[in-house]
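So you can see what is in the structure, the chains are spelled out below.
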Amino acid sequence: MSSALLSSLRAGDHDGALAALYALDGAQSSLDRARDRACRTAGNLMKTFAPSGAAVLFSGPGRTEIGGNHTDHQHGRVLCGSVDMDMLACAAPKGKNVIRIQSEGYPALEVELEELAVTTNGLLLPQMASELKEAGVEYNVLTVVTGYLARHIQSVFSALCRGGFHFQQYIPCLDPLEGARGEQSYSLSPEEYEEFLKTLFDLWYRELEQGRYWSVRYFDNLVWMLRGHAPEQCSMRGCCSLQYLVEADGSVYPCDFYGLDQYRLGNILEHAWDELDRTREEIGFIEESRHVPERCKGCQWYPLCRNGCRRDRLAGEDGLGRNYYCDAYAGFFSYALPRLRRAGAMIGI
């Protein structure tokens, strides 16, 4: 029962977990605030939806880009960190294909899982974009490409353009690091990714021909590379760059795609930067990414592809092998290269 969670919170049964997240200073007042907040969240679930199933609390930590996001500044050094300013949610199953959401200060939402459609209607994204635009803030919208989204990219791109999102970024979704590729319900196959890239490019180029330029980060970088410049996107550089992902407990990792124990560089509270860098060298994180498979060395598309992101490279006998999306990139470059060359002059890059 959902009421069981609220009762156990009030009884202090979860104080250990709450203290680890919100009372790192050891103060009783911090723990009291965290408990009150958790109780309020669980209580709102009961009051609004009266669920009969067992309720669970979820905390999603905020993330800050302390030292920049791209490799075109900060000498390529990127420092990310999670913060204790989080999003707290309480959820319970209803046994129906309907998701009902109530966020404090906003109208309730209801999503029919059997009638999904790509839309921005009723979401906070357009409102946030409008407020950022009014404040004169430039922003980038990151879209993770799943198999489902790849099949609906025309609707997604059209919706983002109608919403005035001038800076767009699309990245392939990640399968579990240790598992086989393509076995998840959300997985993106090379064939789907190739068709996605071609369709998105056609849409983007058609807009460009009509005098409307929408910055799609991947296409911008390709145009930039064809003009003789180095890409700023780390997945297009051929090897990993120097980055630091810092978790809430101070643990440091070489990339936000590799926040796992075997890649832990140390702790920012205990180790100096040069110590963290030495550990990175010892595990060979960047050096391993410099490996170029034999098949890539003779490929006409390697100067543009550069074997993509390390996270998408398949394990080989002599190190990291070719990219999982290799054939998708080859098919896309063959399809789009002439127009990519023309796009540079049209954009003015």
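Computed from a predicted structure; not experimentally measured.

A. Up close: unusual backbone geometry. Even without being a glycine, Arg306 presents a positive backbone phi close to 55°. For Arg306, the position within the fold is in the loop between helix H12 (302-305) and strand S11 (313-316). Residue Asn307 is not a glycine yet carries a positive backbone phi of 70°. Of note, Asn307 is situated in the loop between H12 and S11.

B. Region of the structure containing the packing of aromatic side chains. Under the defined criterion, the tally for this structure stands at 22 aromatic pairs. Between Tyr193 and Phe196, the ring centres sit 5.9 Å apart and the planes meet at 10°, which makes this aromatic pair stacked. Residue Tyr193 and its partner Phe196 are located together in helix H7 (residues 190-209), separated by three residues, close to a single helical turn. Of the residues examined, Tyr193 reaches a relative accessible area of 4% and is grouped as buried. Plain terms: the ring middles of Phe332 and Phe333 are 5.8 Å apart, the flat faces sit at 50° to each other, and that makes the pair tilted. We note that Phe332, like Phe333, is buried. It is Arg310 that lies over the ring of Phe285; its NZ or CZ is 4.2 Å from the centre.

C. Quick look at the side chain of Arg311. Structurally, the position occupied by Arg311 is in the loop between H12 and S11. Here Arg311 is buried and forms no salt bridge, its nearest opposite-charge partner Asp312 lying at an N-O distance of 5.7 Å. In contact with Arg311, not counting residues within four places along its chain, are Leu174, Asp175, Pro176, Leu177, Arg181, Phe257 and Tyr258.

D. Focus on the confidence of the model for the protein chain. When the pLDDT values of the protein chain are averaged, the result is 88; 91% of them are 70 or greater. Here helix H4 (residues 125-134) stands out as the least confident element of the protein chain, with mean pLDDT 74; H7 is the most confident, with 97.

E. Focus on the pairing of strand S8 (residues 243-246). Here S8 shows a buried face lined by Gln243 and Leu245 and a second buried face lined by Tyr244 and Val246. Across two bridges, the pairing between S8 and strand S9 (residues 251-253) is antiparallel. Its bridge partner being in S9, Val246 is matched across the sheet by Val252. Counted along the chain from S8 to the antiparallel partner S9, the turn is four residues long, and its residue Gly250 has a positive phi close to 95°.

F. Focus on the packing of helix H6 (residues 153-162) against H7. Axis separation between H6 and H7 bottoms out at 10 Å; the angle between their running directions is 35°. Of the two possible hands of crossing, H6 and H7 adopt the one that is right-handed. Touching Ile153, Gln154 and Phe157 of H6 are Phe196, Thr199, Leu200, Leu203, Trp204 and Glu207, all from H7. For the contact of H6 with H7, the per-class residue count stands at six nonpolar, two polar and one charged.

How each quantity is defined
Residues numbered from 1 in each chain as written. Predicted model: local features only at pLDDT ≥ 70, side-chain atom pairs only at ≥ 80, totals over all residues. Heavy atoms only, no water. Helix = DSSP H or I, 4+ residues; strand = E, 2+ residues; numbered from the N terminus. Phe/Tyr/Trp six-rings, centres within 6.5 Å; stacked < 30°, edge-to-face > 60°. Buried < 20%, exposed > 50% of the residue type's maximum accessible area, 1.4 Å probe, protein only. Lys NZ or Arg CZ within 6 Å of the ring centre and 35° of its normal. Lys, Arg positive; Asp, Glu negative; His and termini not counted. Salt bridge = Lys/Arg side-chain N within 4 Å of Asp/Glu carboxyl O. Contact = heavy atoms within 4.5 Å. pLDDT = per-residue confidence, 0-100. Pairing = 2+ DSSP bridges. Axes fitted to C-alpha atoms, helices over the stretch in contact; angles between N-to-C directions. Left-handed = near helix turned anticlockwise from the far one by under 90°. Nonpolar A, V, L, I, M, F, W, Y, C, P; charged D, E, K, R; others polar.

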